[in-house]
Amino acid sequence: MTQTPTATPPARRGPQLPSLTTLGPLIALLLACIFFATQSDRFLTSQTLALVLKQISYVGVLAIGQTLVILTAGIDLSCGVIMALGGMVITKLAAEQGVPPVFAVLIGLAITTALGAVNGLLISRLRLPPFIATLGMYGIVFAVTQIYSNAQTVSNLPPALNFLGSGFNIGSANFSYGSVLMIVLFGVAWFFLTQTAPGRHVYALGNNPEAARLTGILTTRVLIGVYATAGLLYGVAALILVGRVGAGDPNAGQTENLESITAAVLGGTSLFGGRGNVLGTLLGALIVGVFRVGLTLAGVNSVYQVLVTGILIILAVATDQLSRRKA
């Protein structure tokens, strides 16, 4: 009598190690902290941590929006100038035209959200490449900001607009409310992307737009929603910046687009879309902030900060390319 063989149950897989794109930013951050701790005895202090968080607060919020966009295989070169326009609208309405600060903030956020939605419409409806659409928006918004402000800063702001620049003490360090808001927004974005269906749709759109459409995802609506949400975040970043500097600056935001892309890429977000997470972006922003503060404490010329940032970007993108080829 022949015994029928029984199927062997699949072996249970052991715990999986985190991927290189997850471990890489954390390892880089730890190594940077160790290195700068050997260069300055002032580095590993609570004051330095507070300073790093304060410096990256508005760029970090910009980077959240940039990460959402990059996850759809897009790019947003207009984020910095949209932030600057939002800041100018809020400060001019509140400081020069007597609009209550709450309404001034709401109007500014509405404008930045609308500009983000226009980017999404240009890309989804007119099929413009994200690089071209947002580069054109960069030029338009920069010019509008200069015309609207007469290229003049706005000072003497109502105290309410300076709130996010103020803070609270923990020991001898002063942490700003803007830094706290940035961390909260990172947590909200993480929950949205990992725990909700719309968040999974963002990843699906970045992985394969046609496959996402065939599964019933309204890709056009998702794309417009992503860019509009990014625009709203740019307005929040404007609030944090205004609170930090105590003024509306029409020349702000001209290089922050590159800084937000840097934070996302260093954090493991793939420029090809569909891979990455905002917690990695937070690590990427911290890496940039640590290098800035560390090099400053070490007495290194600021031009080397730009050099180091460029090297880090190339290494991050090269790592992403190698991991894609291996996959």
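Residues numbered from 1 in each chain as written. Predicted model: local features only at pLDDT ≥ 70, side-chain atom pairs only at ≥ 80, totals over all residues. Heavy atoms only, no water.

A. Quick look at the overall build of the chain. Summing up its helical and strand segments, the chain has 12 helices and 2 strands in all. N-terminal to C-terminal, the α/β element order of the chain is α-α-α-α-α-β-β-α-α-α-α-α-α-α. Here the C-alpha radius of gyration of the chain, 22 Å, is about what a compact globule of 327 residues would show, namely 20 Å. In terms of principal-axis extent, the alpha carbons of the chain reach across some 95 × 55 × 30 Å. The 327 residues of the chain split such that 46% are buried. Sequence separation of at least 24 residues holds for 78% of the intrachain contacts in the chain that already meet a minimum separation of 6. In the structure as shown, the chain presents an accessible area of about 16300 Å², 67% of it carried by carbon and sulfur atoms. Both charge centroids of the chain, one from 16 positive and one from 8 negative side chains, sit 14 Å from each other. (Helix = DSSP H or I, 4+ residues; strand = E, 2+ residues; numbered from the N terminus. Rg over C-alpha atoms; globule rule 2.2 N^0.38 Å. Buried < 20%, exposed > 50% of the residue type's maximum accessible area, 1.4 Å probe, protein only. Contact = heavy atoms within 4.5 Å. Areas by Shrake-Rupley, 256 points an atom, 1.4 Å probe, with all protein chains shown as cover. Lys, Arg positive; Asp, Glu negative; His and termini not counted. Charge placed at Lys NZ, Arg CZ, Asp CG, Glu CD.)

B. Geometry of the pairing of strand 2 (residues 173-176). Bridge analysis of strand 1 (residues 167-170) against strand 2 gives 4 bridges, and the strand direction is antiparallel. Across the sheet, N169 pairs through a bridge with N174, a residue of strand 2. The turn linking strand 1 back onto strand 2 is made up of 2 residues, and G171 within it adopts a positive phi angle of 65°. (Pairing = 2+ DSSP bridges.)

C. Local environment of the packing of aromatic side chains. Taken as a whole, this structure holds 6 aromatic pairs when the rule is applied. Through a chain of ring-to-ring contacts, three or more aromatic side chains come together here, namely F35, F36, F43 and F291. One cation-aromatic arrangement involves K92 over Y148; the distance from NZ or CZ to the ring centre is 5.5 Å. (Phe/Tyr/Trp six-rings, centres within 6.5 Å; stacked < 30°, edge-to-face > 60°. Lys NZ or Arg CZ within 6 Å of the ring centre and 35° of its normal.)

D. View of the UniProt feature "transmembrane region" (unreviewed entry) in the chain. Under the UniProt annotation, the feature "transmembrane region" (unreviewed entry) is placed at residues 20-37, 58-90, 102-123, 130-148, 168-193, 278-297 and 303-322. The straight-line gap between the two end C-alpha atoms of residues 278-297 is 28 Å; of that span, 100% is helix and 0% is strand. (UniProt positions renumbered as here; feature names shortened; annotations may be inferred.)

E. Quick look at the pattern of salt bridges. Tallying each qualifying case throughout the model produces 3 salt bridges. When the shortest N-O distance is used, the salt bridge between K92 and E96 registers 2.9 Å. A salt bridge links E210 to R213, with the shortest nitrogen-to-oxygen separation between them at 2.4 Å. Taken together, the residues span about one helical turn, with E210 and R213 both in helix 8 (residues 209-214) at a distance of 3 residues. (Salt bridge = Lys/Arg side-chain N within 4 Å of Asp/Glu carboxyl O.)

F. A look at helix 10 (residues 256-266). Burial analysis of helix 10 places 10 of its 11 residues in the buried class, which makes it a mostly covered element. Taken together, the buried positions of helix 10 are E256, N257, E259, S260, I261, T262, A263, A264, V265 and L266. G268 sits one or two residues past helix 10 and shows a positive phi near 95°.

G. The environment of N277, seen in detail. Relative to the elements of secondary structure, N277 occurs in the loop between helix 10 and helix 11 (278-297). Owing to a relative accessible area of 26%, N277 belongs among the partly exposed residues under this scheme. Each C-alpha atom of the pair N277 and V144 lies 33 Å from the other, and the pair is 133 residues apart in sequence. Of the polar contacts made by the side chain of N277, one reaches the backbone nitrogen of L279; its length is 3.1 Å. (Polar contact = N/O pair within 3.5 Å; in protein donor to acceptor, adjacent residues only side chain to side chain.)

H. Just the environment of E259, in detail. As for its position among the elements, E259 is in helix 10. Look at E259 and you get buried, because its relative accessible area is 19%. Counting along the chain gives 203 residues from E259 to I56, while the straight-line C-alpha distance between them is 9.7 Å. Excluding anything up to four places from it in sequence, E259 contacts V59 and R292.

I. Region of interest: unusual backbone geometry. Unusually for a residue other than glycine, A73 sits at a positive phi of about 70°. With a relative accessible area of 40%, A73 lands in the partly exposed category. The backbone of A151 shows a phi angle near 60°, a positive value even though the residue is not glycine. The topology assignment puts A151 in the loop between helix 5 (130-149) and strand 1.

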